[in-house]
Amino acid sequence: MLLLEFAAQGVRGVAPAGGRATLRPGYNVVAADGAALRRLLESLVYPDPRDGESLPRAPGGPGAGPVRAGLTLVGTDRVTYRLVRDFAAGCQLHRFDAEKRAFAPVAQDLAEIAAFLRDPVGVPSPTRLATLLTFAAADLPSRTGGAGTSLGGGASAAAPARPAMKPVQARQRLADLETELTRAGEAEKLQYQLDGLQSKLFKVEEALKSGQRVQDGLAGAEAERAALQPVADVAARLGSASAKLSTHAKAVARRDEALARVAAERETLEEAEVRGGPRPLWESPGFLAGVGGGVLFLVLGVVGAAGGSELRTAALLSMPAFGWAGWEAHRWIGAQDEWERQGRRRRVVDDWEKKVLEQFERDTAEVGAVLKALQLTKARELQDQLDRLAEADRTVEEWRVRLRAWESAPETAGAVAEKVRVEEELRVVETGLASEAGGFVRDVRSIEAELEQVKAELEAPTAHEATPAPAPTAVAPARAAVQAPAGEPLRGLLERAAAELGGSPASVARALSQKASQALAGLTLNRLTGVTADDRGNVQVVSGGRPSPALTLPPADKDLVFVALKLALLEHAVASWKTMALVEDAFGGLSDTARRTIGRLLKQAAKAGQIIHTTTDPAFREAADHQA
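Rules behind the numbers
Residues numbered from 1 in each chain as written. Predicted model: local features only at pLDDT ≥ 70, side-chain atom pairs only at ≥ 80, totals over all residues. Heavy atoms only, no water. Helix = DSSP H or I, 4+ residues; strand = E, 2+ residues; numbered from the N terminus. Buried < 20%, exposed > 50% of the residue type's maximum accessible area, 1.4 Å probe, protein only. Contact = heavy atoms within 4.5 Å. Areas by Shrake-Rupley, 256 points an atom, 1.4 Å probe, with all protein chains shown as cover. Patch = residues over 30% accessible without salt bridge, like charges linked within 9 Å, V, L, I, M, F, W, Y side chains within 5 Å. Salt bridge = Lys/Arg side-chain N within 4 Å of Asp/Glu carboxyl O. Phe/Tyr/Trp six-rings, centres within 6.5 Å; stacked < 30°, edge-to-face > 60°. Expected span 1.5 Å × (residues − 1). Arc of directions from axis to C-beta. Pairing = 2+ DSSP bridges. Lys, Arg positive; Asp, Glu negative; His and termini not counted. Polar contact = N/O pair within 3.5 Å; in protein donor to acceptor, adjacent residues only side chain to side chain. Axes fitted to C-alpha atoms, helices over the stretch in contact; angles between N-to-C directions.

### A word on the overall build of the chain
In step 1: For the chain, the helix and strand inventory stands at 20 helices and 14 strands.
In step 2: In the chain, buried positions account for 41% of the 628 residues.
In step 3: Taking all contacts inside the chain whose residues are at least 6 apart in sequence as the whole, residues at least 24 apart take part in 71%.
In step 4: If you sum the accessible surface of the chain, you get close to 33,600 Å²; carbon and sulfur atoms cover 56% of it.

Next up, the structure:
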């Protein structure tokens with residue numbers, strides 16, 4: 001179950017802007033009174049006819065105006081529900097119909113609404129919500145009763161009544177309470193100052209947010225520029241990068257043109273090679289026919305002259321036959337010369353191509369080295385990188401101009417000086433608060449109430465003074481030191497968690513040990529480094545590598561142990577059920593460092609679901625995923 005929105009009218013302490021507050025998954029910080037918001041949510045998710053009587057009313061009295069409230073949530077069934085309640089008229093639960101894109105009524109009877117919210121909406125039981133999913137200020141061990149009320153009224157059981165004290169004990173307790181009252185008064189004054197300073201700091205930081213945005217923009221631009229530093233380094237080696245790239249482009253054009261001509265020449269040579277070279281002269285048919293015909297006619301003429309025949313005139317035909325053979329021999333010699341010229345031409349083309357490539361390498365050596373250094377393949381890619389570098393330089397300069405303008409503004413100088421002054425005063429007040437309180441302290445009203453009770457006991461001694469005290473049980477001192485009394489808050493927390501999660505308090509402590517130990521180490525700056533529990537569920541802390549009972553710790557440290565365990569329990573519950581948890585403003589007495597640590601822990605715990613933290617502390621508002 002996750003909350004999306006709540007609204008309130010006429011409820012004191014719950015006054016969101018416009019009467020409505022929007023929530024989101026994750027860590028939400030809400031400017032509202034934690035107890036009032038807790039009671040309001042209780043009246044909505046666990047409706048009862050008498051809820052209107054117990055709600056804190058806005059100023060003006062019960063009859064000042066209507067008291068209404070509404071809640072929008074997403075159930076475990078992934079359906080959105082809207083609950084609207086007029087505490088004088090009635091209540092309605094609606095379910096969002098995705099097909100009609102509108103809310104449809106589900107129930108109007110309070111009992112039916114409560115049952116429907118349990119299943120299928122998935123609202124946790126009051127006990128589970130109070131035990132595992134709520135952190136109330138009154139839950140701290142140092143507060144009166146040790147455990148306060150939570151959602152649904154199902155919080156821890158009230159602490160048992162304190163037995164009456166003997167007069168000596170009462171007087172000693174009275175002195176202790178007076179000392180504690182003095183310290184609590186001083187702490188309350190310091191806390192008031194601290195709240196005022198934190199409010200001032202928050203307003204100053206809001207005023208400086210525009211400058212922070214400029215600084216963030218400059219940081220982002222400088223980060224992008226730093227990523228392009230290798231390009232800037234190689235560009236510096238090139239000198240005039242634009243001129244070198246222009247020369248490179250011309251060299252590429254010359255190379256491509258020359259290689260095209262080389263390719264054309266080779267194509268011609270390859271065609272000649274396909275035709276082949278001239279055959280040997282003695283294999284030429286024309287040459288052989290001319291020689292053969294000339295010899296034949298010559299022989300006929302000789303024979304005819306010897307016989308006195310007319311055949312002697314055939315000898316005259318041998319001349320044209322031999323002439324033809326000579327002509328064929330001349331053609332063959334020319335073809336042979338042409339073939340040899342083709343071979344010389346191929347060698348010339350090869351030499352030309354080699355010279356072209358060598359000249360290209362010389363002309364593009366610088367740019368080629370840069371491309372290799374940047375692992376680029378084309379000059380166009382280098383040009384793109386240089387364009388990005390120039391754009392990044394312009395962007396950085398623009399942000400620097402804006403930052404200088406912001407820093408030179410008079411209101412900025414005043415806000416910066418005010419922030420330094422407020423932060424210095426905060427450190428002084430936090431130091432004083434830490435020295436006075438040390439951690440959590442009880443409020444003045446609780447101490448005054450106990451003072452009145454102890455004074456009344458001194459004025460009216462109880463009957464136990466006349467009755468001898470029972471003899472102490474025979475228990476070894478070491479054993480008695482670690483035995484937790486009934487109602488002890490730390491052990492009670494584990495017992496209630498074990499009842500909800502199943503198992504024993506010791507097993508719950510083991511499951512939470514790692515997260516709780518990390519939180520405790522961060523809250524105490526590694527003064528306390530671990531949280532464990534024995535087989536009986538008594539909590540122990542590790543300090544200096546040695547475990548010791550948590551009961552022996554001072555109240556402030558005991559509160560920190562409780563905070564560490566409760567935060568680990570919250571994270572476990574939110575992650576297990578993907579649901580929401582409610583945290584009150586219970587960390588005002590801690591240092592700024594501790595509060596910021598808790599803010600980070602709450603943000604981490606809310607990742608799997610939703611945490612609603614009711615506070616105006618800037619330390620938590622800075623860590624929030626969403627503010628309402």
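### A word on a nonpolar patch on the surface
In step 1: On the surface, Val-295, Leu-298, Val-299, Val-302, Val-303 and Phe-322 cluster together into a nonpolar patch covering about 500 Å² of accessible area.
In step 2: Structurally, Val-302 can be placed in helix H9 (residues 285-306).
In step 3: For Val-302, a relative accessible area of 51% gives the class exposed.

### A word on the packing of aromatic side chains
In step 1: Enumeration according to the criterion identifies five aromatic pairs in this entry.
In step 2: With 5.2 Å between their ring centres and 65° between their planes, Phe-96 and Phe-103 make a pair best called edge-to-face.
In step 3: We classify Phe-96 as partly exposed; its relative accessible area is 31%.
In step 4: Judged by its relative accessible area of 28%, Phe-103 is partly exposed.
In step 5: Judged by centre distance (5.7 Å) and plane angle (45°), the rings of Phe-587 and Phe-620 are tilted. Linking Phe-587 in the loop between strand E12 (580-583) and helix H19 (592-605) with Phe-620 in helix H20 (residues 618-623), this pair joins segments that are 33 residues apart in sequence.

### Details of helix H6 (residues 209-227)
In step 1: Across its 19 residues, H6 extends 27 Å between first and last C-alpha, which sits within 8% of the 27 Å expected from 1.5 Å per residue.
In step 2: Residues Gly-211, Val-214, Gly-217, Leu-218, Ala-221 and Arg-225 constitute the buried set of H6. Along the axis of H6, the buried residues cluster in a sector spanning 120°; they form a single face. Residues of H6 that are exposed and angled more than 90 degrees away from the buried face: Arg-213, Glu-224 and Ala-227.
In step 3: Packing partners of the buried residues in H6 comprise helix H7 (229-238) and helix H12 (379-408).

### Describing the pattern of salt bridges
In step 1: Tallied over the full model, the rule gives 22 salt bridges.
In step 2: Here Arg-128 ties to Glu-500 by a salt bridge, and the two come within 3.6 Å at their closest N and O atoms. With Arg-128 in helix H4 (residues 126-132) and Glu-500 in helix H16 (residues 489-501), this residue pair connects regions lying 372 residues apart in the sequence.
In step 3: For Arg-128, a relative accessible area of 24% gives the class partly exposed.
In step 4: By relative accessible area, which is 21% here, Glu-500 ends up partly exposed.
In step 5: In this structure, Arg-421 engages Glu-418 in a salt bridge whose closest nitrogen and oxygen atoms are separated by 2.5 Å. With Arg-421 and Glu-418 both in helix H13 (residues 410-437) and three residues apart, the pair spans about one turn of that helix.

### Digging into the sheet that holds strand E13 (residues 610-614)
Hydrogen bonding along the main chain pairs the strands of a sheet, whether they run parallel or antiparallel.
In step 1: As summarised here, the arrangement of the five strands in space is E8-E12-E13-E3-E14, forming an open sheet in which the pairing is parallel. The sheet is open, and its two edges are formed by strand E8 (134-135) and strand E14 (626-627), each paired on a single side.
In step 2: Pairing between E12 and E13: four bridges, direction parallel. Its bridge partner being in E13, Val-583 is matched across the sheet by His-613.

### Overview of the environment of Thr-529
In step 1: Take Thr-529: it is sitting in the loop between helix H17 (505-523) and strand E9 (530-533).
In step 2: The class of Thr-529 is partly exposed, set by a relative accessible area of 36%.
In step 3: Sequence separation between Thr-529 and Val-542 is 13 residues; the distance between their C-alpha atoms is 5.5 Å.
In step 4: Ignoring any residue separated from it by four or fewer positions in sequence, one finds Thr-529 in contact with Ser-517, Ala-521 and Val-542.

### Some words on the side chain of Glu-488
In step 1: Note on placement: Glu-488 falls in the loop between helix H15 (477-482) and H16.
In step 2: Buried charged residue Glu-488 carries no salt bridge. Nearest counter-charge: Lys-558, at 5.0 Å.
In step 3: Among the polar contacts listed, one links the side chain of Glu-488 to the backbone nitrogen of Leu-490, at a separation of 3.2 Å.
In step 4: Dropping the residues within four chain positions of it, Glu-488 is found in contact with Leu-551 and Lys-558.

### Remarks on the pairing of strand E7 (residues 102-107)
In step 1: Pairing of strand E6 (residues 90-97) with E7, which is carried by five bridges, proceeds in the antiparallel orientation. Bridging from a neighbouring strand, Leu-93 pairs with Ala-107 of E7.
In step 2: Taking the residues that link successive antiparallel strands as the turn, the E6-E7 hairpin has four residues, and the phi of Arg-101 there is positive, at about 55°.

### A look at the sheet that holds E9
In step 1: Sheet architecture is open: three strands sit in the order E9-E10-E11, paired in antiparallel fashion. Every other strand in the sheet has two partners, leaving E9 and strand E11 (546-549) as the edge strands with one partner each. Ignoring strand direction, the axes of neighbouring strands in this sheet form an average angle of 35°.
In step 2: In the packing of H17 onto the sheet, contacts are made with E9 and strand E10 (539-543), and the angle to E9 comes to roughly 160°.

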